[in-house]
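Reading the structure
In case you want the letters, here they are:
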Amino acid sequence: MINLRKIAPMALGNARKIGNKVGAVASGLGLAAILGGCSGTPPTDLGVDGDRLKPCPDKPNCVNSFAAADDTDHHIAPLAVKQPQEDWQALQALVDKTDNATIVSQNDGYMRVEYKSSLFGFVDDVEFLLVPDAQQIHVRSASRMGYSDLGVNRERIDEIRAALGNYSVSPD
């Protein structure tokens, strides 16, 4: 004969374990669905305005070579170029072969790129502006969402600088 007093607590315990696992999976899927939508709405106000790129917002998730040198949260040196047209083409080729980068728009001296993080799909908008006479490529890299980027945008520009073999130039 089956002793229900022994089986019932075991069955209840197993049901709780299964329920906890199902709950954890459902929570994980819910979190993934929420974070998977972290691409945000593409900004409509990017581009060149008066020979400059848009300023950074008042959040530490953006770097911009047009920011004042004493703005340590946002300022980053532009990319130095020796042969503007050749270096511009090298930059385009570098971005084009980067797995998580998509060139959204480009013309002779401007390029806008979306970089998408592999884990959660966060999108950063990156702009490059070639200024041949100054032998510089100005940069702006900003997260679409959130407050802090934990230094990702600055690191990205520094990696691009290193990949192109460029060195920081002194700010004006």
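Residues numbered from 1 in each chain as written. Predicted model: local features only at pLDDT ≥ 70, side-chain atom pairs only at ≥ 80, totals over all residues. Heavy atoms only, no water.

1. As for the overall build of the protein
Helices and strands together make up the secondary structure of the protein, namely 3 helices and 6 strands. Going through the 172 residues of the protein one by one, you find that 34% of them count as buried. Restricting the contact set of the protein to residue pairs at least 6 apart, pairs at least 24 apart contribute 53%. For the protein, the computed accessible surface area is about 10,800 Å², with 56% contributed by carbon and sulfur atoms. (Helix = DSSP H or I, 4+ residues; strand = E, 2+ residues; numbered from the N terminus. Buried < 20%, exposed > 50% of the residue type's maximum accessible area, 1.4 Å probe, protein only. Contact = heavy atoms within 4.5 Å. Areas by Shrake-Rupley, 256 points an atom, 1.4 Å probe, with all protein chains shown as cover.)

2. A word on the packing of helix H2 (residues 84-96) against helix H3 (residues 152-164)
For the pair H2 and H3, interaxial distance at closest approach is 11 Å and the crossing angle is 120°. In this view, H2 runs oblique relative to H3, as classed from their interaxial angle. Taken as a pair, H2 and H3 cross one another with a handedness that is right-handed. The residues of H3 that touch H2, namely those facing Ala90, Leu91 and Leu94, are Ile160, Ala163 and Leu164. Across the contact of H2 with H3, the residue classes tally to 6 nonpolar, no polar and no charged. (Axes fitted to C-alpha atoms, helices over the stretch in contact; angles between N-to-C directions. Parallel < 35°, antiparallel > 145°, perpendicular 65-115°, else oblique. Left-handed = near helix turned anticlockwise from the far one by under 90°. Nonpolar A, V, L, I, M, F, W, Y, C, P; charged D, E, K, R; others polar.)

3. Looking at unusual backbone geometry
Trans peptide bonds make up most of the peptide bonds, and negative phi angles are found at most residues other than glycine. Positive phi, normally seen in glycine, also occurs at Asp51, with a value near 65°. Structurally, Asp51 is set in the loop between helix H1 (4-36) and strand S1 (62-64). Asp51 gets classed as exposed once you look at its relative accessible area, which sits at 64%. At Gln135, a position not held by glycine, the phi torsion is positive, near 55°. Here Gln135 shows up in the loop between strand S5 (123-131) and strand S6 (136-143). Overall, the relative accessible area of 39% leaves Gln135 in the partly exposed class.

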